[in-house]
Every structure is written in C-alpha cells, then in structure tokens.
Amino acid sequence: MKKVINFTLNGEVVEHAVDTNKTLLKMLREDFELTGAKEGCGAGECGACTVIMNEKAVNSCLVLAVEIEGASITTIEGLTLDGILDPLQESFIDNAALQCGYCTPGMIMTAKVLLNENPHPTEEEIKEGISGNLCRCTGYKKIVEAIEKVANDNEE
Amino acid sequence: MNAFEYFAPTTLKEAIDILNEKGEEASILNGGTDLIVRMRDGISDPKYVVDIKKIKGMDDIRIENGRVFIGASALLNDLGNNQDIQKRYPFLSKAALSIGSKQVRNRATCIGNICNASPLAGMATPLLALNATVHVFGNYGEKDILLKDFFVFVRKTLLKHGEIVTGISFEEQACLGVFTKISRRRKVDLSTVCSTVVKKYDEYRISFGAVAPTPVRLNKTEAFLKGKMLSKDIIEKACELAMSEVSPISDIRASESYRRELVQVMLRNSLSQWY
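Here we look at the overall build of chain A
Then, number 1: Regarding its fold elements, chain A presents five helices and five strands.
Then, number 2: Ordered by position from the N terminus, the helices and strands of chain A form the series β-β-α-β-β-β-α-α-α-α.
Then, number 3: The C-alpha radius of gyration of chain A comes to 15 Å, within 12% of the 15 Å expected for a compact globule of 156 residues.
Then, number 4: Along the first, second and third principal axes, the C-alpha set of chain A runs to 50 × 30 × 25 Å.

Written out as structure tokens, the structure is:
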C-alpha cells in the first residue's frame, strides 16, 4: 500500500510514493539509495541510523516514511556540498575517529546537531551528546576528540 | 513489517471516528518509538495506523488555571527542557530526560510512555507523586481518570478501544521532589528500579517503578510518614515498611531481592535530603 508524500531531502523538494510500512531508514536506503544511515539495532539503542529531521537528530528506524510529510530531512550524504566535506567529516578522517565506519554517519549527524545547538560544548557535553550512538571498534576517545577539534575551530 | 493503511487526522473527532469505524485492528501512532519496534518484531500487527500527531494543540505544555498540562504529543525532550518545568518540578524534568537517547526523546512522548503502561515507565513515578489526572477523549466526549487508577496491569490501562488520551495534568503545587533511576548503564537503558519521592510540607508521596506489575504509590509508608518530623529512626522505619509494600520479580535486569533492597536504599537517600 503506497502513499504519496512531500518532503525536503538534503535540500531538494521531493514528491515520492512510498510503501506505508517502510521506515524512513528503509526508504532512504532502498528508494533513494542513500546508504549512509545504517540499521544497527532497529530499536533506538545504537544510533547508527541517525538523520536530521527538522533540525533534530532522530533514529530513522523509529520513524515511518509516511510520518515525514512536510518535513526536512538531512542525511550524511547531504553534508557534503559539491564534493566538499563537512568540517566534521574532515575531522573524523584527520583524527582517525573511525575504523569499520558503521557508526560514523550516525555519529556525525548527532554531532552536527549538537554543534548547531551548542557550538562550544565541553568534553562532558560531547559525551552526553553522543550517548545515543554506539561504537564497537575505534572507541569513543578519538570520536570525542574529532568533535572537540571542530568545536575549537568554531571558537576561532 | 506487514502492510497497513495510514491515517493522519487533524481533529480529535476525525481520529475517534476512524478508530471506531476500523475497530480493534486500528492502532494509535504517537511518537512511535515503541509501536514501530513492536510492528517490526511482529508483536503488533495493525491493519490501520492512526497517527495522532497532526491533531492541533496536542503538543502543548502549558501552565494555566493553576494546573500544569502536558499534551499527548509533547515530546520527552520538550518536557525535559521546558524551563518552567525545570524550575518548579525539576524531578519531572529529570525523569523525562532519563528515558532513551536524545534521538529517541525527539520522537517519544510523555503520554506514550504512560499509555504503554510498562511497570518501569519512566514518566509514571513523578506523575503519580504529583497526583496527576489523565484526560481521555471518546465518542461520548471528555472524561478524566486519576493516574493512580489508570494502570491496571503490565501494559494494561483503563483505556478502551476508540478512546484517545489527549493529555495529562496536575495541580500546581509548591513541593520538593527527588527522582531516582537505577539502571545497568547510565544512559539509554531501562530502569532496574525507579522512584519519585515528593515532599509537600509534612506530607510525603512515594512512588516506585519496576517493583510491581504497575508503577505504584506506597500508601502504607506514606501514611506512616504523614505529619512526622524526619529523623534517622523514622526514615529507617519507613524504609522497612516500604520493602514490605512492594512485590518485585526477578528478571534479566535484577533479582527480586536486589530490587527489594534497592527500594530501601532509594527511599533512604531520597528522604535523607530533607533531614
């Protein structure tokens, strides 16, 4: 059963007929081939599917695609403009804040909202901010450092 | 997830009509952080999904006519970060921000947490201790149910099919309160045991989650404490009474005896703040 929805995806206005039983995550991956957001737990515990919906970080596995009517969605793919990486993406690379990379898109989208809301977070606030995102390989130290670097650049 | 028909009514009347017309195979969708997981796992399999978030005025959090009102679609983050709530009822704000992750709280609602009626519902203990009232809308109009009567059993409430909870409210009150959540990990975890203790002059309201089939008020312990000056001895007696008043079970998170022990530790720590 399909329903037509209108929304903004990475800055582009989209009209799309989507299966009502698809989550936002599934629609992004299967219908738009935006495979940055990942399914980890599918239950709101790991944050690997985090995208930005109307300026807020949400788990795209816990949102039905039909619920985003009228909303603005930004995925990790939308952070790169004309091939130029977002400062957070640069910083994750420069600081080796990823290993397998599965958690990285979600981690960066969460950090993006965190820095939008609070451009100068303390280390504690960064840890608190990414507490809804799990990483199972690199560990959190380098991830926190990568976000801190961008926050420090904000200060300059 | 099986196929279903999706509705997004913009008025309560419209929503109720769809629920009544479609019958038991229709589910109410609010924040969705519980329902969508249950649908994915095949535990819930609705043929019709009625999204109530587009209904006007449902996401309000307001203080008027001496009452604090939390609308059905108000997000946990909106409640937790509301400045009036933080100032006057910091324990309620703390409870809201203790649930799930920031991403989850950007979708999950206070009312959804209550309507799920989990024994460990994070929003239940502060609202029970505030003597909250649940506002329900049905084809008969509006009705109120006291939150303490609302919970019937594990995941069962007095809510009938064809009814929608429009919000929850409590009387404005000058009180002190302590919310405590014990969990295996500090963030993004369910409560092993949670509690709220509210003090209003020499009256104490004590509520616990995850120690009985529903979140509960400890009436005997409250009656014992009423009108008494807190002392070390009184607090110890209250803690003993509280342990005898709960009926926890052993599960994946903790044993029955550990939970019972937590009850007295949490109550002692809460009451000791005012002694």
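Back to the text.
Things to note about the sheet that holds strand β2 (residues 12-19) of chain A
All names here are of chain A.
Then, number 1: Read across the sheet, five strands follow the order β2-β1-β5-β3-β4 without closing on themselves; strand pairing throughout is mixed. Edge positions in the sheet fall to β2 and β4 (56-59), since each of these pairs with one other strand and no more. Pairs of neighbouring strands in the sheet enclose a mean axial angle of 45°, with direction left out of account.
Then, number 2: Sheet contacts for helix α3 (residues 104-117): β3 (50-53) and β4; angle to β3, the most-contacted strand, approximately 35°.

Thoughts on the packing of helix α11 (residues 232-245) of chain B against helix α12 (residues 256-272) of chain B
Residues and elements named next belong to chain B.
Then, number 1: Contact geometry for α11 and α12: axes closest at 9 Å, N-to-C directions at 145°. Considering only the axes of α11 and α12, their crossing is right-handed. Residue-level contacts link Ile235, Ala238, Cys239, Ala242 and Met243 of α11 to Arg260, Val263, Gln264, Leu267, Arg268, Leu271 and Ser272 of α12.
Then, number 2: Here the contact of α11 with α12 is built from residues that sort into eight nonpolar, two polar and two charged.

Things to note about the interface of chain A and chain B
Then, number 1: Listed per partner, the contact involves 22 residues of chain A and 21 residues of chain B.
Then, number 2: If you tally residues by element for the side of chain A that touches chain B, the top one is β4 of chain A, at four residues.
Then, number 3: Classifying every residue of the side of chain A that touches chain B by side-chain character gives eight nonpolar, ten polar and four charged.

Some remarks on the pairing of β2 of chain A
All names here are of chain A.
Then, number 1: As paired elements, strand β1 (residues 2-9) and β2 share eight bridges and run antiparallel to each other. Within β2, the position partnered with leucine 9 by the bridge is glutamate 12.
Then, number 2: Where β1 folds back on β2, the antiparallel hairpin that results is connected by two residues, among which asparagine 10 adopts a positive phi of roughly 50°.

Digging into the confidence of the model for chain B
Then, number 1: Taken residue by residue, chain B gives an average pLDDT of 97. The fraction at 70 or more is 100%.
Then, number 2: The complex prediction reports pTM at 0.96, with the ipTM value standing at 0.97.

Focus on the sheet that holds strand β11 (residues 176-182) of chain B
All names here are of chain B.
Then, number 1: The strand order β11-β12-β13-β14 describes an open sheet built from four strands, whose pairing is antiparallel. What marks the edges here is a single partner per strand, and that holds for β11 and β14 (216-217).
Then, number 2: Docked against the sheet, helix α5 (residues 90-97) engages β11 and β12 (193-200), running at close to 20° with respect to β11.

A word on the environment of serine 169 of chain B
Then, number 1: Residue placement: serine 169 of chain B occurs in strand β10 (residues 164-171).
Then, number 2: Of the residues examined, serine 169 of chain B has 22 C-beta atoms within 10 Å and is grouped as buried.

Some remarks on the domain arrangement of chain A
Then, number 1: Splitting chain A by domain gives domain 1 (2-79) and domain 2 (87-155).
Then, number 2: Across the side of domain 1 of chain A that touches domain 2 of chain A, the residue classes break down as nine nonpolar, three polar and two charged.

A short note on the pairing of β4 of chain A
Then, number 1: As paired elements, β3 of chain A and β4 of chain A share four bridges and run antiparallel to each other. The residue of β4 of chain A that forms the bridge with threonine 50 of chain A is asparagine 59 of chain A.

Things to note about unusual backbone geometry
Then, number 1: Located in the positive-phi region is asparagine 54 of chain A, a residue other than glycine, with phi close to 50°.
Then, number 2: Here asparagine 54 of chain A shows up in the loop between β3 and β4.
Then, number 3: Under the C-beta neighbour-count criterion, asparagine 54 of chain A is labelled partly exposed, with 13 such atoms within 10 Å.
Then, number 4: Look at arginine 155 of chain B: it is not a glycine, yet its phi comes out positive at around 60°.
Then, number 5: Secondary-structure assignment places arginine 155 of chain B in the loop between β8 (151-153) and β9 (156-157).

Things to note about α12 of chain B
Residues and elements named next belong to chain B.
Then, number 1: Between its terminal C-alpha atoms α12 stretches 25 Å, which fits the 24 Å expected from 17 residues at 1.5 Å a residue.
Then, number 2: What α12 keeps buried is the set Arg259, Leu262, Val263, Met266, Leu267, Ser270 and Leu271. Buried residues along α12 cover an arc of 145° about the axis, so they all sit on one side. The outward face of α12, more than 90 degrees from its buried face, is lined by the exposed residues Ser257 and Ser272.
Then, number 3: Looking at the buried positions of α12, the neighbouring elements they touch are β11, β12, β13 (203-209) and α11.

Cut-offs used in this document
- All residue numbers here refer to positions counted from 1 along the written sequence of the relevant chain.
- Lettering of chains starts at A and numbering of ligands starts at 1, both following the order in which they are written.
- In view of the model being predicted, local features appear only for residues whose pLDDT reaches at least 70, and side-chain atom pairs are presented and counted only at 80 or more, with totals across whole chains, interfaces and linings using the full set of residues.
- Strands here mean DSSP runs of E at least two residues long; helices mean DSSP runs of H or I at least four residues long; both are numbered from the N terminus.
- With C-alpha atoms as the basis for the radius of gyration, the globule rule is written as 2.2 Å multiplied by the number of residues raised to the power 0.38.
- Paired strands, in this sense, are two strands between which DSSP finds at least two bridges.
- Angles run from 0 to 180 degrees between N-to-C directions of axes, and those axes are lines fitted to C-alpha atoms, restricted for helices to the stretch in contact.
- Remark: residues whose backbone-derived C-beta atoms lie within 7 Å of one another are considered to be in contact.
- Here is the rule for handedness: rotate from the far helix to the near one, and if that takes an anticlockwise turn smaller than a right angle the crossing is left-handed, while a clockwise turn gives right-handed.
- Under the convention adopted here, Pro, Cys and the residues Ala, Val, Leu, Ile, Met, Phe, Trp and Tyr are nonpolar, Asp, Glu, Lys and Arg are charged, and Gly plus all remaining residues are polar.
- On a range of 0 to 100, pLDDT expresses the predictor's confidence in each residue.
- Each residue is classed by its C-beta neighbour count within 10 Å, where at least 20 other C-beta atoms makes it buried, 12 or fewer makes it exposed, and intermediate counts make it partly exposed; the C-beta atoms are placed from backbone geometry.
- Source of the domain bounds: an automatic or database domain assignment.
- In this scheme, a helix's expected span is set at 1.5 Å multiplied by one less than its residue total.
- Within this analysis, the arc is defined by the directions that extend from the helix axis to the C-beta atoms.

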